[in-house]
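# Remarks on the overall topology
Listed below are the residues making up each chain.
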Amino acid sequence: MRFLKFLTTCVSICFLYTCSDRPADKSDDSLHPSFSELPEIIEESDQLPNQGVVPLKLSLKDQEKADNAPDGMAFIKGGCFVMGNDYTQEDEKPEHEVCLNDFYMDKFEVTQARWEKLMGFNPSKFVGVDLPVEQVNYENVQKFIKKLDGACRLPTEAEWEYAARGGADKRYFWGNMVNETYTWYEENSNKSTHPVGTKAPNQYGLYDMMGNVWEWVNDWYEPYYKIRTKDNPTGP
């Protein structure tokens, strides 16, 4: 389901942080597709457009973990899911089951204000304190992490996809049809980035997991999935 990462508004890179006990699909800049370029999917009759995304229910024990999440982060309950897609791009294949431990992830993409305060410069094409920082490379991100004392890291591709899906089994975390309540994309973005958190969050309370900008992950890119390990895969 890597195509999720590519529904963006500009040729730019942003990132979220993950906290867990494990150590970047190092992504290339590219033009992003429009929703009109994706194959049509018929929405199920029981999927109402205004139904809305419902937060996932947690056990009392997990709710305690969520309540004690690091500042600005959301608790992601681990589990197993089918990663990839046999029916879209070639580099989505093959579908395979992946299981992940619990982890935390930033609720919002890193803003330019947060980046500039720590790094002392702002490389972004679209400038604004609440806009996501973009035009940053993998090495820049690692320096940013070091300045944060290495407390967190980039998510793996498996963690990113699991979090982006929001526990849903639809094409997108809100359903199978485009819904501007949840995403920025080519047709509604005016070819610019937008302040983080403007659209509604997914089931985990994460914002902008579909659209706005590309997001770094911690695996190297490869043209197809090589099945290395089922549990907590870190990628090539």
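Given the structure is predicted, the values throughout are model-derived calculations rather than measurements.

What counts, and where the lines are drawn
- Residues numbered from 1 in each chain as written.
- Predicted model: local features only at pLDDT ≥ 70, side-chain atom pairs only at ≥ 80, totals over all residues.
- Heavy atoms only, no water.
- Disulfide = S-S within 2.5 Å.
- Helix = DSSP H or I, 4+ residues; strand = E, 2+ residues; numbered from the N terminus.
- Buried < 20%, exposed > 50% of the residue type's maximum accessible area, 1.4 Å probe, protein only.
- Phe/Tyr/Trp six-rings, centres within 6.5 Å; stacked < 30°, edge-to-face > 60°.
- Lys NZ or Arg CZ within 6 Å of the ring centre and 35° of its normal.
- Arc of directions from axis to C-beta.
- Pairing = 2+ DSSP bridges.
- Lys, Arg positive; Asp, Glu negative; His and termini not counted.
- Salt bridge = Lys/Arg side-chain N within 4 Å of Asp/Glu carboxyl O.
- Polar contact = N/O pair within 3.5 Å; in protein donor to acceptor, adjacent residues only side chain to side chain.
- Contact = heavy atoms within 4.5 Å.
- Core = buried A, V, L, I, M, F, W, Y, C linked by side-chain atoms within 4.5 Å.

## Quick word on the state of the cysteines
Throughout the structure, instances matching the rule amount to one disulfide. Disulfide pairing is shown between cysteine 80 and cysteine 99; the S-S distance is 1.9 Å. Given an S-S torsion of about 105°, the disulfide between cysteine 80 and cysteine 99 has right-handed geometry. One end of the pair, cysteine 80, is in strand 4 (residues 79-83); the other, cysteine 99, is in strand 5 (residues 96-100), with 19 residues separating them in the sequence. On the basis of relative accessibility, which here comes to 11%, the residue cysteine 99 falls in the buried class.

## Comments concerning the packing of aromatic side chains
Applying the stated rule across the entire model yields eleven aromatic pairs. Summarising the aromatic geometry, the rings of phenylalanine 173 and tyrosine 182 are spaced 5.5 Å apart at their centres and angled 80° between planes, so their arrangement reads as edge-to-face. Judged on exposure class, the residue phenylalanine 173 and its partner tyrosine 182 are both buried. The rings of Tyr172, Phe173, Trp174 and Tyr182 are connected pair by pair, giving a single aromatic cluster. Note that lysine 199 overlies the ring of tryptophan 184, its terminal NZ or CZ placed 4.1 Å from the centroid.

## Some details on helix 2 (residues 112-119)
Along helix 2, the residues classified as buried are Gln112, Trp115 and Met119. What you see down the axis of helix 2 is that its buried residues fit within an arc of 65°, all on one side. Immediately downstream of helix 2, the backbone of glycine 120 shows phi near 80°, a positive value.

## Some points on the pairing of strand 6 (residues 103-106)
Across the two faces of strand 6 the burial is the same, with Phe103 and Met105 and Tyr104 and Asp106 all buried. Alignment of strand 3 (residues 73-76) against strand 6, held across four bridges, turns out to be antiparallel. Across the sheet, the residue bridging to alanine 74 is methionine 105, located in strand 6.

## With respect to the side chain of aspartate 208
Along the polypeptide, aspartate 208 turns up in the loop between helix 4 (157-165) and strand 7 (214-216). It turns out aspartate 208 is buried and unbridged, and the closest side chain with the opposite charge, lysine 199, is 8.3 Å from it. One polar contact links the side chain of aspartate 208 to the main-chain amide nitrogen of glycine 197, over a distance of 2.9 Å. Dropping the residues within four chain positions of it, aspartate 208 is found in contact with Glu109, Trp184, Val196, Gly197 and Glu215.

## Some thoughts on the nonpolar core
Of all hydrophobic cores here, the largest spans 18 residues; its most connected members are Ile76, Leu100, Phe103, Met105, Tyr162, Leu206 and Met209. Secondary structure elements with two or more residues in this core: strand 3, strand 4, strand 5, strand 6 and helix 4. Here the element with the most residues in this core is helix 4; it accounts for five residues. Of all hydrophobic cores here, the second largest spans eleven residues; its members include Val110, Val133, Phe144 and Ile145.

## Details of helix 3 (residues 138-147)
Listed in full, the buried residues belonging to helix 3 are Tyr138, Asn140, Val141, Phe144 and Ile145. Within helix 3, the buried residues cover an arc of 155° as seen down the axis, which keeps them to one side. Helix 3 presents Lys143 and Lys146 as exposed residues on the side facing more than 90 degrees away from its buried surface. Sitting at the head of helix 3, asparagine 137 places a side-chain oxygen 3.1 Å from the backbone nitrogen of glutamate 139. Looking at the residues trailing helix 3, positive phi occurs at aspartate 149, about 65°.

## Observations regarding the environment of isoleucine 76
Mapping isoleucine 76 onto the fold places it in strand 3. In sequence terms isoleucine 76 and lysine 65 are eleven residues apart; their C-alpha atoms lie 9.5 Å from each other. Apart from residues lying up to four places away in sequence, isoleucine 76 is in contact with Asp102, Phe103, Met105, Tyr162, Tyr204 and Leu206.

## Points about the pairing of strand 5
Strand 5 sits mainly inside the fold: four of its five residues count as buried. By the bridge criterion, five bridges tie strand 4 to strand 5 in an arrangement that is antiparallel. Bridging across to strand 5, cysteine 80 finds its partner in cysteine 99.

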